[in-house]
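# Descriptive analysis of the structure
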Amino acid sequence: MKSGQIEHLLKKRDDLLKTEQNKTNTKTVTNSNTRHDKKVNVLVSEGTPDRKVQDDGTNACNDIVKSGVGSCEYRKFDQRPTNFRYVKHNSLPPETGPENMIVPCHEYKSLETAHKLDSRRLKTKVASEVLRFACACMNMRANGTIHFGIMDNVKSTHRHGEIIGIPVQSQEDFVDALDYIEKCFKGSNHQSDARKCIRNPCFIEVLDKENAEKTWVVEYDIVPKASIVKGKLYSVGVPKFSEKDGKVKCEEQVPYHRVGANTPRISDDELISFIQDLREKDQQREEAESSANQTPLEFREDQKRKLSILLTGGKTHMDNSLFYIVVANKMQPEDLDNITFLVNMKLFCVFDFDPDSETSGLYGKYKEQKAVTPHFLNDYENNKRLENAELIASLKLFDRVSWIYCNGRNNFPGNNVPCDEITWIKIQKKKMKKAVSLICNEILPRNSFVVIFLLMSDVQQPLVETFHEFYAEINGHDCLAVIAESKETYRKWSSLAQVSCPISALKEISIVDMPLSHVDATVQSIQLSKNQPERKLPVSNGGLCFLKSVDEAMLDSLEIISVDQCDDTNLEIMSESEIKETELYFYHGGKINWINFWLAEKHKCGNIIERDAYKEANKILDNVIHRHKAARPIESVNIYHHPGSGGSTVARQMLWKWKTILRCAVVKQSEEVTTVCEHAVKLREHNENDKNKCLPVLLLLEDQNADYIDDLRRHLGNVIATKKISQSVLCFFLLICNRSNDPERMRRESPSRTVAVTHKLSDQEKPMFQTKVDQLKLEFEEDFKFILTFVLMSKEFQPSYIKDFVKNILDKTDHSSSITSLIRFVALLNCYVKDSYISVSHCEAYLGIANHFSGVKYHAFVDHLTDEAKLIFIHLRDSSTHIQLIRIIHPLVAKEILTQISTNMPQSSIAMELIKDNVLINHRIERDPFLKVITALFIRRNRKSRGDQEDTAFSPLIEKVCTERGGVQKAVDLMKAAFIALGKDAYVAQQLARLLYTNERFEEALEWAQEAKSLCPHDTFILDTLGQVYKRWFYHLYDTLEEKDPSPERGVEIISIALKGISAFRASEKIPKKETVNLSSYYGEVDVGCRLLKFLSEVDIFSETTGYSKLIKYLLTDYIPSEVKTPWQKFHQQLKGLQKSLRQALECISEDLSYFQTDISEEDEELDARDPEQVYKPREWLTRKSAVYAGFFCGIQEESDELAENANSS
């Protein structure tokens, strides 16, 4: 070709290019308007091909996720992964045109209707779409994938790019569709090229939770390698099925290309320029292939940082603030040597899918170092409908790790055998759902735990179902982490798990291709405390012995303080700010922890003040320990303390000092006496040979009632006697620490064995506290305001100081805010209910806080509090469940807050607002303990015997409300609201009946007493209350009777009420009591009976001179006076049995006072409706009633005298 011709062609090409560019732009706009969003150009930045595809998919996915639609990523181009799936109704990114020739362009075809065609028509339809698209890709020298089963338009209800899948009757139809290559491409060379460039179809399963029918996405990859297509322009005649003659015909062979996301034919006007550009395209293809073949720089994310964030919620290290739940499948033997990080974790439970876990798996290895309780999914079904607290206790949750066998257990008796996947889904899946729901919604608060999926072998569907359940219950993936050692395992896992969680989100929470040994070392490097497989205890010969953690866990009623207590703490990880926070927590009013003593010993924080009471108690213990011979095997010292005065600190200081000399332990709350006794004896004898030479055990008992302590002392004494241990050997020293409103009085009653800790400081203590305050000012500077409790202590809790502090706080408070309402509620509870609190979970629910992990920051409840609330709230952690709680920093501060707030808002209104708040009342986490506190608020009475300043007839709150204007009605309304809020609590109804009859509203009282009876028909105290209603009603009618000598007709109502009362008391007496007889009803029966006798004696026919003998004759014989025969016809039988029933009741009371002297329990004390004289002076009462009885039934005077004499002699 001559140069002039060449120049002419080049000029013509340039002109055509400009024209084509304009046409293309016009077409793109037009198509975009007419075909909605199907044809969209997605610009992809230059870079590594694999990364570009990923970025493209991720960006599209993010947009979809934001709009509430799930997203999926493409299958890796020109590969056939074994573990890749799509999820129905998720979306793929929009269709694309060619970019850099290596990143594939994508074309979607739904085949929504066409998949139903017969085989021949279906093959023709598929071939026409594949061959047209392939021809375009080959001409563009660009990789591409055409997908069948993906929505390509929005004419239906589906979205563009939505994965719908198609049923595939025969995969051969899609393979055979490529046989049209030979018919449709021109020439054998082009046909051969097409065969080489068009890959066989890839069938991708579509996961559908709602439909069991399998559907697929069918994909054809087009790979036009430069070596195949170089210098060639391809044309194809797409096949069409003719409905007229039933034959397949090929259209005219024309070339196609990709313009954006369209596949139009190359027009005649465009053809020359297109051909001329092929040389450039070939060159670009070769360069692109060359670049793609170079090994790309692999992106390596910081696995340690990612793992740390996933497991700690963004903290620098792992501490005890989070629980961990592990879901694991079968582990290989070599992996079992790398589980130390799990042993160090605060595991709550493990869902184990390995039936051989005990003999050759994780369970067997783990229990060598930690105590566990094996369970099955059935155990979490709670078929007995236990309360949460009861279920937790029965499963020993929080005490030991719950190891849940999720798919049976080999070599174990019973029906819990492994099953296949299908059977598991049919039978076990619903049990798994219940277990996960129970743990996430009712046992552990939101965001108090992290769930770790440990994928150490091939993933099965049951494991994935467990992931779905956790994902659903915790509303996303924020508290989930996945550790997969193998890439292939992770690929299968992610392809199945994407049904609930998008692939992009799974990547964020997954640690992949990291050997378990690396995971083990990495996690250990961020763990604050290392598990001590054994701890040290002192022994009698002056040395030390080891107590294995497995053995220690078997003594779970005790918190054992070892010689090396807290030595497992890693100070290298513990930051200065954390040490400061630990110290600040204590001085803000929190309970002292062993770490406080340990840090002080290590000189990492200031020393803890030793109060006079500590030195005094220490001296008593020292004298007892160093006696040559003990006076008795069980000794004790009592520490009585004002609430918030530091009594618990004094007791723990003693244990810390003596832990190297004695064996020390704290008795946990709510433990059975027999269990504590058994564990205390085992602790004493651990690794000792001679039972007469064991070191004594120093046992701390906090806020235990006298009965519990006496029972423990008796059980320990019995064991000592049974083991024939010498009575001159000190075996146990009980350190009894109890709150009291008058510790000084308690010390005066037993000065040799009691110390008092009060708010008042001695002359020796005052300078120590002032010096400490000055030190803390310098140490904490800006945070000094948070050590208010210690400052109050240094001021001896002066009322004026507390009043000014509270006033200053409330003046700065927005009284209309939810946080202020929360302050009111907590103050109300703390003021009236000992040891009360509200869980942080309740507070978050009330304030509407969606607590969650976000990035590297954990949004805590405290972040949402005002500065004033931060000053007066103290965060606690339940000793058994470790659930976060809050209360006011000190009871006196709570009382003052309530006093000042009450000037504008009556306490009745605060209480009503609290119990009518459905969010607080119905919140599921910690619901049972919260409702117990609310119940105590309305039922618990003050008792001097429990250290209260006075006895009250009702709960202090109700008595306070009654003093308000219109108070009785307010109290009644409050009790009614409490009855509903507490789920129709029978004992609230009982107390309401008491309140009403006390205020002479007898008809209403009767209704509520009967309501209580209908709820608890066999409760002796409730039946007794029904009797008390009639008793008080009878007394009222009698006392307000105007006639001096009423007629028989006038006495009908009075007698009827009295006899109903006696019947109610007798019904109560007949109900069997587990341990003791409820004598309250006998007292009530005698009261009503004696007064009824007096009333009968005043009825006109019996009040005459001869009336007395007539009355006795009426009561003791068959004689019925004519005047009463008709009016009293319903009463004759009961009245004639009055003498006998009174005699029996008096005998029962007399026997109890003479021999048994039954004490009433604290729980029953709240329900006891007896008069004060019957409780505190029962013998005087019996003497008076016996005299009344004898005065009427003089014929059996001797018998009555004997009853009274027996009572007085006792």
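Now for a description of the structure that goes with this document. Not measured: the values here are computed from a predicted model.

## Overview of the pattern of salt bridges
One pass over the full model with this rule turns up 61 salt bridges. Two residues, Glu465 and Lys429, come together in a salt bridge whose shortest N-O distance is 3.1 Å. Residue Glu465 is found in helix α16 (residues 461-473), and its partner Lys429 is found in helix α15 (residues 429-443); the two are separated by 36 residues along the sequence. Taking the relative accessible area as the measure of exposure, Lys429 reaches 28% and is therefore partly exposed. Between Arg632 and Glu635 there is a salt bridge, with its nearest N and O atoms 3.0 Å apart. Here Arg632 falls in the partly exposed class, since its relative accessible area comes to 42%. Through salt bridges that share partners, Glu107, Lys109, Lys125, Glu129, Arg132 and Arg258 make up one connected network.

## Brief notes about the side chain of Glu765
As for its position among the elements, Glu765 is in helix α28 (residues 765-780). Judged by relative accessible area, Glu765 falls into the buried class, the value being 3%. Within the local environment of Glu765, its side chain forms a polar contact with the backbone nitrogen of Asp612, the two atoms lying 2.8 Å apart. Look past the residues within four positions of Glu765 in its chain and what remains in contact with it is Arg611, Asp612 and Lys760.

## Description of the packing of helix α21 (residues 576-587) against helix α22 (residues 594-601)
It is at 10 Å that the axes of α21 and α22 come closest, and there the two elements cross at 125°. In terms of their interaxial angle, α21 and α22 are classed as oblique. α22 is crossed by α21, and the crossing has left-handed handedness. Listed contacts from α22 to Ile579, Thr582, Glu583 and Phe586 of α21 are Ile595, Asn596 and Leu599. Here the residues of the contact of α21 with α22 are counted per class, giving 4 nonpolar, 2 polar and 1 charged.

## Some points on the pairing of strand β23 (residues 732-739)
With respect to burial, β23 is a largely interior element, 7 of its 8 residues being buried. Note: strand β20 (residues 634-641) against β23, 8 bridges, orientation parallel. Paired with Glu635 across the two strands is Phe733, which belongs to β23. Judged from the 6 bridges that link them, strand β22 (residues 697-702) and β23 form a sheet pairing that is parallel. Residue pairing for β23: Glu702 is matched across the bridge by Cys737. Of the crossover connections in this fold, the one passing from β22 over helix α26 (residues 706-722) to the parallel β23 is right-handed.

## A short note on the environment of Ser1097
Checked against the element boundaries, Ser1097 lands in helix α44 (residues 1080-1098). With 15 residues separating them along the chain, Ser1097 and Ile1112 place their C-alpha atoms 9.3 Å apart. Within the structure, the side chain of Ser1097 is placed 2.5 Å from the backbone oxygen of Lys1094, a separation counted as a polar contact.

## Observations concerning the nonpolar core
Membership of the largest hydrophobic core comes to 188 residues, with the highest contact counts inside it found for Ile888, Phe938, Leu1092, Trp1128 and Leu1135. In contact with Ile888, not counting residues within four places along its chain, are Ile823, Val826, Ala827, Asn830, Ile872, Phe873, Ile874, Val893, Ala894 and Ile897. Membership of the second largest hydrophobic core comes to 100 residues, among which are Cys72, Met432, Tyr490 and Trp493.

## Regarding the side chain of Ser821
The topology assignment puts Ser821 in helix α31 (residues 818-832). Among all residues touching Ser821, those that are not within four sequence positions of it are Tyr846 and Glu913.

## Thoughts on the sheet that holds β22
The mixed open sheet is built from 6 strands, whose spatial order is β19-β21-β22-β23-β20-β24. Whereas interior strands pair on both sides, the edge strands pair on one side only; in this sheet they are β19 (558-561) and β24 (754-757). Averaged over all neighbouring strand pairs, the angle between strand axes comes to 20°, with direction disregarded. Relative to β22, strand β21 (residues 663-667) is paired through 4 bridges, and the arrangement is parallel.

## Quick look at helix α13 (residues 388-395)
Three or more residues of α13 are buried, namely Asn388, Leu391, Ile392 and Leu395. For α13, the angular spread of the buried residues around the axis is 100°, confining them to a single face. Of the surrounding secondary structure, the elements contacted by the buried residues of α13 are β12 (372-376), α15 and α37 (927-939). Lys396 sits one or two residues past α13 and shows a positive phi near 60°.

Quick notes on the rules
Residues numbered from 1 in each chain as written. Predicted model: local features only at pLDDT ≥ 70, side-chain atom pairs only at ≥ 80, totals over all residues. Heavy atoms only, no water. Salt bridge = Lys/Arg side-chain N within 4 Å of Asp/Glu carboxyl O. Helix = DSSP H or I, 4+ residues; strand = E, 2+ residues; numbered from the N terminus. Buried < 20%, exposed > 50% of the residue type's maximum accessible area, 1.4 Å probe, protein only. Polar contact = N/O pair within 3.5 Å; in protein donor to acceptor, adjacent residues only side chain to side chain. Contact = heavy atoms within 4.5 Å. Axes fitted to C-alpha atoms, helices over the stretch in contact; angles between N-to-C directions. Parallel < 35°, antiparallel > 145°, perpendicular 65-115°, else oblique. Left-handed = near helix turned anticlockwise from the far one by under 90°. Nonpolar A, V, L, I, M, F, W, Y, C, P; charged D, E, K, R; others polar. Pairing = 2+ DSSP bridges. Right-handed = clockwise from strand over helix to strand, strands pointing away. Core = buried A, V, L, I, M, F, W, Y, C linked by side-chain atoms within 4.5 Å. Arc of directions from axis to C-beta.

Take it as geometry only, folks, not as evidence of what the structure does.
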